[in-house]
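Chains, contacts and geometry: an overview
So the chains spell out like this:
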Amino acid sequence: MSVKTICVYPHAALREPTQEIILFDEELKKLVSDMWETMYASDGIGLAGPQVGVAKKIAVIEYDGEKYVLINPDLSEKDNFTTVEEGCLSFPGIYEKVESPEYIKVKYYNEDGELIEKEIEGFLACVFSHEIDHLNGKLLIDRISPLKRQFLKKKLAKQAKEK
Ligand code: ZN
């Protein structure tokens, strides 16, 4: 297993279109274990492929002691929108209040290629939605008001300069 480098906004990998996963092979298992390792190393609760420079439809989530590997996920319903504070490993140290669904209906494959269909409620639904957004190139910064976005961009540019 190895810890991968997390792409921080505005890294181009975060916007790259993702490909479906076709082979459920050893290489995929290796990628999944690297993603767990990387997520744990940064104390995250979710990590999507583009965040580690892998333009594939894959994300991992651990919440409330349960682990989920989402492959080729398809969100068919989002509902019960509420305001929650979200963070993202690609925006280190940033937390923003955003509208997020507390109800989703989702289909995905796990790492063994089994199809899973679920309805999820509460904060876990927000986490699923956040990770699936990553697979469509949609980021936390896209979900805040234009004014806040401008402010955040300046702050991030300043942070990058100080590094
Ligand atoms: Zn994120």
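Cut-offs used in this document
Residues numbered from 1 in each chain as written. Predicted model: local features only at pLDDT ≥ 70, side-chain atom pairs only at ≥ 80, totals over all residues. Heavy atoms only, no water. Helix = DSSP H or I, 4+ residues; strand = E, 2+ residues; numbered from the N terminus. Rg over C-alpha atoms; globule rule 2.2 N^0.38 Å. Buried < 20%, exposed > 50% of the residue type's maximum accessible area, 1.4 Å probe, protein only. Contact = heavy atoms within 4.5 Å. Areas by Shrake-Rupley, 256 points an atom, 1.4 Å probe, with all protein chains shown as cover. Phe/Tyr/Trp six-rings, centres within 6.5 Å; stacked < 30°, edge-to-face > 60°. Lys NZ or Arg CZ within 6 Å of the ring centre and 35° of its normal. Donors = N, O, S within 2.8 Å, 3.2 Å for Na, K, Ca; no water. Expected span 1.5 Å × (residues − 1). Polar contact = N/O pair within 3.5 Å; in protein donor to acceptor, adjacent residues only side chain to side chain.

Across its full length, the protein carries three helices and five strands. Counted from the first residue to the last, the protein has its helices and strands arranged as α-β-β-β-β-β-α-α. Relative to the 2.2 N^0.38 estimate, which gives 15 Å for 163 residues, the radius of gyration of the protein is 15 Å and therefore close to what a compact globule would have. The C-alpha extent of the protein, read off along each of the three principal axes, is 45 × 35 × 30 Å. Counting every position in the protein, which comprises 163 residues, the buried fraction comes to 45%. A fraction of 63% describes how many contacts in the protein between residues 6 or more apart in sequence connect residues 24 or more apart. Counting every atom, the protein has about 9,000 Å² of accessible surface; 48% of that belongs to carbon and sulfur.

Moving on to the packing of aromatic side chains. One pair of aromatic rings is described through two measures. These are the centre distance and the angle between the planes. Inspection of every chain in the model, using the stated rule, returns six aromatic pairs. Consider the rings of Tyr-9 and Phe-91, whose centres lie 5.0 Å apart with planes at 25°: the pair is stacked. Placement of the pair is Tyr-9 in the segment before helix 1 (26–41) and Phe-91 in the loop between strand 3 (66–86) and strand 4 (96–109), with a sequence separation of 82 residues. Members of the aromatic cluster, connected to one another through ring pairs, are Tyr-68, Tyr-108 and Phe-128. Sitting over the face of the ring of Trp-36, Lys-67 holds its NZ or CZ atom 4.7 Å from the ring centroid.

Here the zinc ion is held by Cys-88 (SG), His-130 (NE2) and His-134 (NE2), and the distances to it run 2.1 to 2.2 Å. For the zinc ion, the single-chain donor residues occur in sequence as C-x41-H-x3-H. Of the two residues, Cys-88 sits in the loop between strand 3 and strand 4 while His-134 sits in helix 2 (residues 123–135), which places them 46 residues apart along the sequence. Here Cys-88 and His-134 have matching classes, each one buried.

Let us look at unusual backbone geometry. Here the bond from Tyr-9 into Pro-10 is cis, since omega is 5°, no more than 30 degrees from zero. Mapped onto the elements, Pro-10 comes out in the segment before helix 1. With phi around 60°, Asp-43 is a residue other than glycine that occupies positive phi space. For Asp-43, the location among the structural elements is in the loop between helix 1 and strand 1 (46–48).

Here the focus is helix 2. An α-helical turn contains 3.6 residues, so any two residues separated by three or four positions project in the same direction. Its 13 residues place the ends of helix 2 19 Å apart at the C-alpha level, agreeing with the 18 Å of an ideal helix rising 1.5 Å per residue. Turning to helix 2, its buried residues number three or more, namely Leu-124, Ala-125, Cys-126, Val-127, Phe-128, Ser-129, His-130, Glu-131, Ile-132, Asp-133, His-134 and Leu-135. In the segment just after helix 2, Gly-137 is the residue with positive phi, at about 70°.

Right, let's talk about the side chain of Ser-90 for a bit. Mapped onto the elements of the fold, Ser-90 is located in the loop between strand 3 and strand 4. For Ser-90, a relative accessible area of 1% gives the class buried. Here the side chain of Ser-90 touches Cys-7 through a polar contact of 2.8 Å, landing on its backbone oxygen. At a separation of 3.0 Å, a polar atom in the side chain of Ser-90 contacts the side chain of Gln-51. Leave out the neighbours within four places in its chain, and Ser-90 touches Ile-6, Cys-7, Val-8, Tyr-9, Leu-14 and Gln-51.

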